[in-house]
Amino acid sequence: MSSDISQNNKRIAKNTLALYFRTFITMIVGLYTGRVMLQALGVDNYGINAVVGGIVAMSSLITSTMSAAIGRYITYALGKGDRARLQVMFSTSINAQIVMAVLAAVVLEVAGVWFLNSEANIPEGRMIAANWVLHCSIISLMISLVSTPFGALIVAHERMTIYAYMSIVDVTFKLAICFLIMMYGGDRLILLALLQVAVALLMRAFYGWYCARHFEEAHYSPTTFDKGLLRELTVFSGWNLLNHGAYVFSTQGVSMLVNVFFGVVYNASRSVALTVNGVVQGFVGNFTMAFSPQITKSYAAGDKAYAILLANRGTKFTWLMMYIFIVPVCMEAETLLQLWLGQVPVLAPLFLRFAMFESLALSSGQNLFKLVQADGRVKQYNIHVTLFMGVIFPLTWIAYRMGAPVWSGYLIYIIDFFLLNFVRFYDLKCLMTFSVKQHLRDCIYPCLIVSVTSFILPVILAQFMEQGGVRFFIMVPVSVLWTCVCCVVFGLSQGERLFFWNKMQSVLKSKMPK
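The structure displayed is predicted, hence computed values, not measured ones.

Draft legend 1. Layout of the overall build of the protein chain. Along the protein chain, the regular secondary structure elements total 20 helices and zero strands. In the protein chain, once contacts between residues fewer than 6 apart in sequence are set aside, the share between residues at least 24 apart is 83%.

Below, the structure is given as structure tokens:
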């Protein structure tokens, strides 16, 4: 038993490192790709591509819930060791995604084409190119939907290394596309749309080949269509749809309220904050992705205690990892944005600080949510979460109507999502033997101590240095190192610290000359 747990811990660590390597590379290449793409397309074409892509992305509210359901059920079947059901699950999910892809294409070809040609503000002479982008985006969406079960298999088998490598290959292809269209003399926007479809097909072909070669259950049968299993998928994703819908209103809906009450200037500031925060969430989200398969597999195998332990540990590590970013960003938000943008939008530094804590509030319950998903009985949970998240939009509207400042929307969101964890506690206690006291003792209390102590040294240091480039390049590494020390000393348990020091010693010994 202890050997299995040790192997699981090593697998989680290995997968986390692979995902962080992938995130770092894709972040660097992605940021550079965005800059090159803007130069290659020009402002108008770049804007058209974003607008048309946004039309297709609106369908993700429905498609993402079905994809999450497929991932959960495949991982659960793998955890139970039921290969026969896994085979049926795989073929049924592909057939379900084919149906979903066709339905999405029909709706987008009707509603999307109408909106694009009747309501969208497209520069004169560019409507033909815009329609090309729309049609190609729909094809790419269909390919992505059909590919979902293959990606779910790779994650369920915890082959994060290949997942990371293919993500890097994907962004490398996109960078190559940028340079190709820069050398093209015709309509670059149409070429971009066609090349994006080609990349999607190549990635789909590779995932299909890899899964068929490495996983015995990855053999698709068009005639396999388990209606009972499809009903389970539909019910599971249907309840999750409520959750996702409430989240969209609490984020995109609030952005609309900011626009209505305060104007586009503050929307720009909010967008800048979300861009930086998105990079941080990409790093921290890898913890959830690395822990998620083990939580589901352990629960499916009947080891609920270990699944709960993983969820608690994942919650703590996610919080600690967030603080490694929160402290330096909060201390040096102004200089960070100045170095990146040159001209900083009004209140952007304040928005960025709030956005970091907004992300902390959101991520603090993600591993608990994975635990609920592992159980599968999500109806009660999603109703409670939807009602709780659903108050963010009306409360923000009331606050703005009463003259509250623009940043009050962030405050409402942060408070709501932190309190949402108590709803999760209640639902988890209804589903399994979940100890709230143990979660608070092992996770929340150490995290709160780290949250306070990690700011002490940076705040003192800031009192003796003027804001600017010199302080930035001193403060950032000092904040990161100090926060890491606080995490090790106050955030980790004795056993976790011992494991950390042993790993550090083994790494140092391997680097020393013999």
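The structure having been displayed, the exposition proceeds.
Draft legend 2. Representation of the confidence of the model for the protein chain within the structure. Taken residue by residue, the protein chain gives an average pLDDT of 78. The fraction at 70 or more is 76%. For the protein chain, per-element mean pLDDT is lowest for helix H1 (residues 2–41), which scores 59, and highest for helix H18 (residues 456–463), which scores 93. pLDDT under 50 marks residues 510–514. Its contacts with residues more than four places away, or in other chains, come to zero contacts.

Draft legend 3. Structural context of the packing of aromatic side chains. Applying the stated criterion to the full structure yields 17 aromatic pairs. With a centroid separation of 6.1 Å and 85 degrees between ring planes, the pair formed by Tyr323 and Phe455 is classed as edge-to-face. On the criterion of sequence distance, the pair formed by Tyr323 in helix H10 (residues 304–331) and Phe455 in the loop between helix H17 (436–453) and H18 is long-range, its members being 132 residues apart. Exposure remark for Phe455: the relative accessible area of 18% places this residue in the buried category. An aromatic cluster of three or more residues is present, and its members are Phe206, Tyr207, Trp209, Tyr210 and Phe215.

Draft legend 4. Quick peek at the packing of H10 against helix H12 (residues 348–363). Between H10 and H12, the shortest axis-to-axis distance is 10 Å and the interhelical angle comes to 175 degrees. Judged by the angle between their axes, H10 and H12 are roughly antiparallel. Contacts from Thr318, Trp319, Met322, Tyr323, Phe325, Ile326, Val329, Cys330 and Met331 of H10 reach H12 at Leu352, Arg353, Met356, Phe357, Ser359, Leu360 and Ser363. Class assignment of the residues belonging to the contact of H10 with H12 gives a composition of twelve nonpolar, three polar and one charged.

Draft legend 5. Highlighting the packing of H17 against helix H19 (residues 469–491). In the contact formed by H17 and H19, the axes pass within 9 Å of each other and the chain directions differ by 150 degrees. Relative to H19, the element H17 lies roughly antiparallel. Here the hand of the crossing between H17 and H19 comes out right-handed. Contacts from Pro446, Ile449, Val450 and Thr453 in H17 reach Trp482, Cys486, Cys487, Phe490 and Gly491 in H19.

Draft legend 6. Region of interest: the nonpolar core. Among the nonpolar cores identified, the biggest contains 72 residues, and Ile295, Ile326, Leu371, Phe417, Met432 and Phe434 are the most heavily contacted of them. The element that contributes the greatest number of residues to this core is H10, accounting for 16 residues. Contact partners of Met432, with chain neighbours within four places excluded, come to Tyr299, Ile308, Leu371 and Asp375. Counting residues in hydrophobic clusters, the runner-up holds 39 residues, among them Met89, Val199, Ala200 and Leu233.

Draft legend 7. Representation of the side chain of Thr335 within the structure. The residue Thr335 is located in helix H11 (residues 333–341) in this model. A residue is classified by how much of its surface remains accessible, and Thr335, at 8% relative accessible area, is buried. Leave out the neighbours within four places in its chain, and Thr335 touches Gln467, Gly468, Gly469 and Phe472.

Draft legend 8. Structural view of the pattern of salt bridges. Scanning all chains against the criterion turns up four salt bridges. The shortest N-O distance in the salt bridge between Glu334 and Arg353 comes to 2.8 Å. A residue pair is termed long-range when its members are at least 10 positions apart, and Glu334 in helix H11 and Arg353 in helix H12 qualify at 19 residues. Classification of Glu334 as partly exposed rests on a relative accessible area of 28%. Classification of Arg353 by relative accessible area gives partly exposed; the value is 21%. Residue Arg377 pairs with Asp375 through a salt bridge whose shortest N-O separation is 2.7 Å. Assessed through its relative accessible area of 48%, Arg377 is described here as partly exposed.

Draft legend 9. Local environment of the side chain of Asn95. Relative to the helices and strands, Asn95 is located in helix H4 (residues 83–118). Accessibility expressed as a relative area gives 8% for Asn95, which makes it buried.

Rules and cut-offs
Along each chain, residue indices are assigned from 1 in the same order as the chain's sequence is written. Only residues with pLDDT of at least 70 are given local features in this predicted model, and only at 80 or more are side-chain atom pairs given and counted; all residues enter the totals for whole chains, interfaces and linings. Hydrogens and waters are ignored; side-chain quantities use all the structure's heavy atoms. Each helix corresponds to a stretch of at least 4 residues labelled H or I by DSSP, and each strand to a stretch of at least 2 residues labelled E; elements are numbered beginning at the N terminus. Between two residues, a contact is recorded if the distance between any of their heavy atoms is within 4.5 Å. As a per-residue quantity, pLDDT reports the predictor's confidence and falls between 0 and 100. Only centres within 6.5 Å qualify two rings of Phe, Tyr or Trp (six-membered ring in Trp) as a pair; their planes then separate them into stacked at under 30 degrees, edge-to-face at over 60, and tilted for everything else. Three labels apply to residues, based on accessible area from a 1.4 Å probe with only protein chains included: buried if under 20% of the type maximum, exposed if over 50%, partly exposed otherwise in between. Each axis is a line fitted through C-alpha atoms, and for a helix only the stretch in contact is used; angles between axes span 0 to 180 degrees, taken between their N-to-C directions. Our angle categories are set so that under 35 degrees counts as roughly parallel, over 145 as roughly antiparallel, 65 to 115 as roughly perpendicular, and the remainder as oblique. The nonpolar class holds Ala, Val, Leu, Ile, Met, Phe, Trp, Tyr, Cys and Pro. Asp, Glu, Lys and Arg form the charged class, and all remaining residues, Gly among them, are polar. Should the near helix be turned anticlockwise from the far one by less than a right angle, the crossing is left-handed, and should it be turned clockwise, the crossing is right-handed. Residues grouped as a nonpolar core are buried Ala, Val, Leu, Ile, Met, Phe, Trp, Tyr and Cys residues, joined through side-chain atoms within 4.5 Å. Salt bridge, as applied in this entry: a Lys or Arg side-chain nitrogen positioned within 4 Å of an Asp or Glu carboxyl oxygen.

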